[in-house]
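Here are the chains, one letter per residue:
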Amino acid sequence: PRHMDSVLDILDALESPARGGSPGTTAALGRGLGICSTPGCRAVLGEPPGTPERPPALTPGQWQLLTELLRHDPATPELGAVLAPDGSTVALGPLLAGIEAGLRSGGFGRPLPALDPPADPLLAVTIAEALGTSFLLAQRSYNNATALGPDGCWDDVENPQNYTLRGPPSPVPDPVAIGAMDGVILGARLARGALPVAELLRGYYGTRNGSEAGRPPSSYRRRDFGALAGQGRLEKEVAALLGVLRTLSPIPEFLRDVGTQEVAAVAHRAAREFSERYVECPAIVPRCLWGAHPYRGTPALLRPPLGLVFLHHTLEPARPCRTFSTCAHAMRDMQRFHQDTRGWDDIGYSFVVGSDGYLYEGRGWHWVGAHTKGYNTQGFGVGIIGDFTATLPDPDTLALVRDELLPCAVHSGHVRPDFTLRGHRQLGHTDCPGNALFQEIQSWPGFQ
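As recorded in an unreviewed UniProt entry, the protein goes by the name PGRP2 amidase, listed as coming from Brachypodius melanocephalos. What the UniProt record of the protein gives under Sequence similarities (unreviewed entry) is the line "Belongs to the N-acetylmuramoyl-L-alanine amidase 2 family."

Right, here's the structure in full:
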């Protein structure tokens, strides 16, 4: 399966000292197979070695999977992605490029070249070149080409084989953005000291079914990436890398006749839009990934921006879910109850919040829900998984709603800036969202 666990099995075999492996084995193989084929990446990491042969440590099946995942084809970036245990889809190219840059900047392997103009090698090989290229191509295109996204879906999350993008691809679809952020975070970690890549990734992503003890570090990628490369730094590095590309001979075709002012404008727009989408807004798990059944009947369109947001707790399941697998299972159970027992067309909530760090798409931004009787056309219903009569969700889950979802809903145009936040009990005969949670939200912006 195209799951991070399959990659970890391969890395364990490659890095085994008993078989002559080391932390640099993976990076060297990745380069030989084509993960660093763009002009900027080659300027930073050097020309790739020759095409490698299958290492004896790998079975033919493992070698075939690794070769398929790491062959770089800009036209089909989804082919280089795997499903991680936290439910996110990660492109291995930028992830492994960031890992190599981190190892080499930490003194493991050949030193990295000094770039002119100066640019951060780690950001250059993970996200800066991809962003600058994507936004320049979109700006110069006459067919409304997009510069970011889309997300996509796996055919089967238990046995992922095929990943399909849910819209026209840009050079930076969601898996590339996620792989790049992870490459920056893990490359920065390796720059402080080398350790086996398999050990690093296992600690970061967790294992397939996760642990109920807590969220894996990968679920904090947006926060951690933002701390390492905020919008201002990202803008500076995109401009710097485009400057490096302009010194190459021959100059890349898409940079011909591009002046300094245009480079600065592209870098500013790229950093702003990337930060808004992938740092300031929370990740939303699409319906196809949690295994939703189809909507029954014909959904009714909402008319954004809406003025109300209603907060709920699910009550059942009563325990917060802390992994992708348990949260996805809870979503399927809720949808089954809402459709088969309540007789509704679909799961009622607009969005559901897990304690794994992710939002789960219910009716979503566009369709009228069934969450707050009499008010469903006027606002979005957000349910937090758990029973919060006597206890609160953990602070990170509260912050996900208060500090990320609500501001994102405003600046993306789905909710009015002067929105009102209400607990479900204010509009119906119910104890929802529970005494503890209702007390908490009275201090939140927008509460009335």
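Next comes the rest of the account.
The helix and strand inventory of the protein stands at 15 helices and 10 strands. Across its three principal axes, the protein shows a C-alpha extent of roughly 70 × 55 × 40 Å. Taking all 448 residues of the protein together, 54% fall into the buried category. Long-range pairs, those at least 24 residues apart, make up 73% of the contacts in the protein between residues at least 6 apart in sequence. A total accessible area of about 18900 Å² is found for the protein, and carbon and sulfur atoms account for 53% of it.

Right, let's get into the state of the cysteines. Using the criterion set out here, one finds 4 disulfides in the structure. Each sulfur in the disulfide pair Cys 36 and Cys 41 lies 2.0 Å from the other. As the torsion about the S-S bond is roughly -120°, the Cys 36-Cys 41 disulfide counts as left-handed. There is a disulfide in this structure between Cys 281 and Cys 408, and the S-S distance comes to 1.9 Å. Disulfide Cys 281-Cys 408: torsion about the S-S bond near 95°, hence right-handed. A residue pair is termed long-range when its members are at least 10 positions apart, and Cys 281 in the loop between helix H11 (260-280) and strand E5 (284-285) and Cys 408 in helix H14 (residues 395-411) qualify at 127 residues. Here Cys 281 falls in the buried class, since its relative accessible area comes to 9%. When its relative accessible area of 9% is taken as the criterion, Cys 408 is described as buried. The connectivity of the disulfides in the protein is 1-2, 3-5, 4-8, 6-7, where the numbers refer to bonded cysteines in sequence order. Not part of a disulfide, Cys 432 finds its nearest cysteine sulfur in Cys 321, a span of 16 Å. Taking the relative accessible area as the measure of exposure, Cys 432 reaches 8% and is therefore buried.

Tallying each qualifying case throughout the model produces 2 cavities of 30 Å³ or more. A volume near 40 Å³ is recorded for the largest cavity. Around the largest cavity sit Val 309, Phe 351, Trp 365, Phe 380, Val 382, Leu 405, Leu 406, Ala 409 and Val 415, which together line it. Looking at the lining of the largest cavity, the elements that each hand over two or more residues are strand E9 (379-384) and H14. It is H14 that contributes the most residues to the lining of the largest cavity, 3 residues altogether.

Segmentation of the protein into domains returns domain 1 (4-280) and domain 2 (306-442). Facing the 19 residues of domain 1 at the interface are 15 residues of domain 2. Summed over both sides, the interface of domain 1 with domain 2 buries roughly 1300 Å², with 46% coming from carbon and sulfur. At the surface where domain 1 touches domain 2, the tally comes to 0 salt bridges. Here domain 1 is connected to domain 2 by 4 residue pairs in polar contact (both at pLDDT 80 or more). Taken together, the residues of the side of domain 1 that touches domain 2 sort by class into 4 nonpolar, 8 polar and 7 charged.

What follows deals with the pattern of salt bridges. Using the criterion set out here, one finds 23 salt bridges in the structure. With its nearest N and O atoms 2.9 Å apart, the salt bridge here joins Glu 100 to Arg 104. Here the residue Glu 100 and the residue Arg 104 both occupy positions in helix H5 (residues 92-105), the gap between them amounting to 4 residues, near one helical turn. Judged on exposure class, the residue Glu 100 and its partner Arg 104 are both buried.

Moving on, we come to the layout of surface pockets. Reported here for the largest pocket is a volume of approximately 1100 Å³. Lining the largest pocket are 46 residues, with Asp 151, Arg 166, Asp 174, Arg 277 and Ile 284 positioned closest to its centre. Of all the elements in the fold, those that place two or more residues in the lining of the largest pocket are helix H7 (174-191), helix H9 (221-228), H11, E5, helix H12 (287-290), strand E8 (359-361) and H14. Among the elements that make up the lining of the largest pocket, the one with the highest residue count is H11 (5 residues). Of the residues in the lining of the largest pocket, the class split is 23 nonpolar, 10 polar and 13 charged. Shared between two domains, the lining of the largest pocket takes at least three residues from each, and those domains are domain 1 (4-280) and domain 2 (306-442).

An ideal rise of 1.5 Å per residue puts 26 Å on 18 residues; helix H13 (residues 324-341) measures up with 25 Å between its terminal C-alpha atoms. Within H13 the residues assigned to the buried category are Phe 324, Cys 327, Ala 328, Ala 330, Met 331, Met 334, Gln 335, His 338 and Gln 339. For H13, the buried positions fall inside an angular range of 155° around the axis, keeping them on one side. Exposed residues lying more than 90 degrees from the buried face of H13 are Asp 340 and Thr 341.

The rules behind each value
Residues numbered from 1 in each chain as written. Predicted model: local features only at pLDDT ≥ 70, side-chain atom pairs only at ≥ 80, totals over all residues. Heavy atoms only, no water. UniProt positions renumbered as here; feature names shortened; annotations may be inferred. Helix = DSSP H or I, 4+ residues; strand = E, 2+ residues; numbered from the N terminus. Buried < 20%, exposed > 50% of the residue type's maximum accessible area, 1.4 Å probe, protein only. Contact = heavy atoms within 4.5 Å. Areas by Shrake-Rupley, 256 points an atom, 1.4 Å probe, with all protein chains shown as cover. Disulfide = S-S within 2.5 Å. 1 Å grid on protein atoms, 1.4 Å probe; cavity = no way out; pocket = protein on both sides within 12 Å on 5 of 7 lines; lining within 4 Å. Points joined across faces, edges and corners; volume = space filled by probe spheres on them. Domains from an automatic or database assignment. Buried area = accessible area lost by both parts, 1.4 Å probe. Salt bridge = Lys/Arg side-chain N within 4 Å of Asp/Glu carboxyl O. Polar contact = N/O pair within 3.5 Å; in protein donor to acceptor, adjacent residues only side chain to side chain. Nonpolar A, V, L, I, M, F, W, Y, C, P; charged D, E, K, R; others polar. Expected span 1.5 Å × (residues − 1). Arc of directions from axis to C-beta.

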